[in-house]
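Observations on the three-dimensional arrangement
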Amino acid sequence: MLDDILEEINEVVSKVDEQSIADAAAAIARDKRIFVVGEGRSGLMAKGFAMRLMHLGYEVYVVGETITPAIKENDVVVAVSGSGKSANVVSDAKKAKEKGARVLAFTSNLESDLAGSADLSVLVPGTVRGDQGGNRKSIQLLSSLFDQSVHIVLDGLCLYLSRRDGVSNETATGKHW
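As a starting point, this report considers the structure included with it. (Residues numbered from 1 in each chain as written. Predicted model: local features only at pLDDT ≥ 70, side-chain atom pairs only at ≥ 80, totals over all residues. Heavy atoms only, no water.)

**Some points on the environment of His 151**
With respect to the helices, strands and loops of the structure, His 151 is situated in helix α6 (residues 144-165). Residue His 151 is classed as partly exposed on the basis of its relative accessible area, which comes to 34%. For the pair formed by His 151 and Leu 141, sequence separation is 10 residues and the distance between their alpha carbons is 17 Å. (Helix = DSSP H or I, 4+ residues; strand = E, 2+ residues; numbered from the N terminus. Buried < 20%, exposed > 50% of the residue type's maximum accessible area, 1.4 Å probe, protein only.)

Next up, the structure:
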């Protein structure tokens with residue numbers, strides 16, 4: 001069973017365009033504030049990404065937390081939604097665009113409202129809730145395959161950033177609580 005899950009994840013991750021990860025990394029810089037947003041389990045993956053960015057030395061916030069400041073022009077929003085239809089995520093992405101922020105979407109649906117409002121979309125083609133009857137299938141429930149795969153993709157982005165920025169494991173560990 002676990003080997004089957006890993007096989008599914010490997011299949012999805014192998015379809016992610018690595019250039020889109022490099023393009024996302026290009027938008028993330030030390031002089032930018034980064035905000036992450038997502039709902040449900042996708043939101044948990046976004047929070048995990050925020051934590052890693054903090055370990056890498058970035059100024060990062062989770063949308064909806066009590067200490068999160070207002071978004072401003074030139075900030076970067078990383079929006080995570082498998083379906084690309086999560087109402088709050090789409091709304092937050094649109095509000096961020098109106099304020100002049102750059103929006104990076106991580107989704108399995110490039111035809112979605114989220115992808116349509118993003119400056120850059122990274123396709124993570126994992127099964128999400130409602131896909132089970134369509135072309136994409138998974139042995140797992142609901143959006144598990146997307147959530148697992150996007151977690152790996154976001155960790156890959158962090159590895160890319162750590163190498164680009166010269167952040168060692170020791171330096172990142174020093175920022176860990």
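Read on for the rest.
**Some remarks on the pattern of salt bridges**
All chains considered together, the criterion is met by 7 salt bridges. One salt bridge in this structure joins Glu 65 and Lys 47, with 3.2 Å as the shortest N-O distance. With Glu 65 in the loop between β2 (59-62) and β3 (76-80) and Lys 47 in helix α3 (residues 40-55), this pair connects stretches of sequence that are 18 residues apart. Note that Arg 164 and Asp 165 form a salt bridge whose closest N and O atoms lie 2.9 Å from each other. Judged by relative accessible area, which is 39%, Arg 164 ranks as partly exposed. Given the relative accessible area of 27%, Asp 165 is considered partly exposed. (Salt bridge = Lys/Arg side-chain N within 4 Å of Asp/Glu carboxyl O.)

**Remarks on helix α4 (residues 87-98)**
For an α-helix the count is 3.6 residues per turn, leaving residues at separations of three or four pointing the same way. The end-to-end C-alpha separation of α4 is 17 Å, in line with the 16 Å expected for 12 residues at 1.5 Å each. Buried residues of α4: Val 89, Val 90, Ala 93 and Ala 96, and no others. Viewed end-on, α4 has its buried residues packed into an arc of 125°, placing them on one side of the element. Projecting away from the buried face of α4 at angles above 90 degrees are the exposed residues Ala 87, Asn 88 and Glu 98. Where α4 is buried, its residues contact β1 (33-38), β3, β4 (102-107) and α5 (113-117). Residue Gly 100 follows α4 closely and has a positive phi angle near 90°. (Expected span 1.5 Å × (residues − 1). Arc of directions from axis to C-beta. Contact = heavy atoms within 4.5 Å.)

**Some thoughts on the packing of aromatic side chains**
Throughout the structure, instances matching the rule amount to 1 aromatic pair. One Lys or Arg, Arg 30, reaches over the ring of Tyr 58 and ends 4.5 Å from the middle of that ring. (Phe/Tyr/Trp six-rings, centres within 6.5 Å; stacked < 30°, edge-to-face > 60°. Lys NZ or Arg CZ within 6 Å of the ring centre and 35° of its normal.)

**A few points about the sheet that holds β1**
Strand order in the open sheet formed by 5 strands is β2-β1-β3-β4-β5, with parallel pairing between adjacent strands. Among the strands making up the open sheet, the edge pair consists of β2 and β5 (120-123). Going from strand to strand, the sheet's axes swing by 20° on average, the running direction of each strand aside. Relative to β4, β3 runs parallel, the two sharing 5 bridges. (Pairing = 2+ DSSP bridges. Axes fitted to C-alpha atoms, helices over the stretch in contact; angles between N-to-C directions.)

**Remarks on the pairing of β5**
Two faces belong to every sheet, and in a regular strand the side chains alternate between them. The alternating pattern of β5 places Leu 120 and Val 122 on a buried face, while none of Ser 121 and Leu 123, on the opposite face, is buried. As judged from the 4 bridges shared by β4 and β5, these two strands associate in the parallel manner. Directly across from Leu 104, in β5, lies its bridge partner Leu 120.

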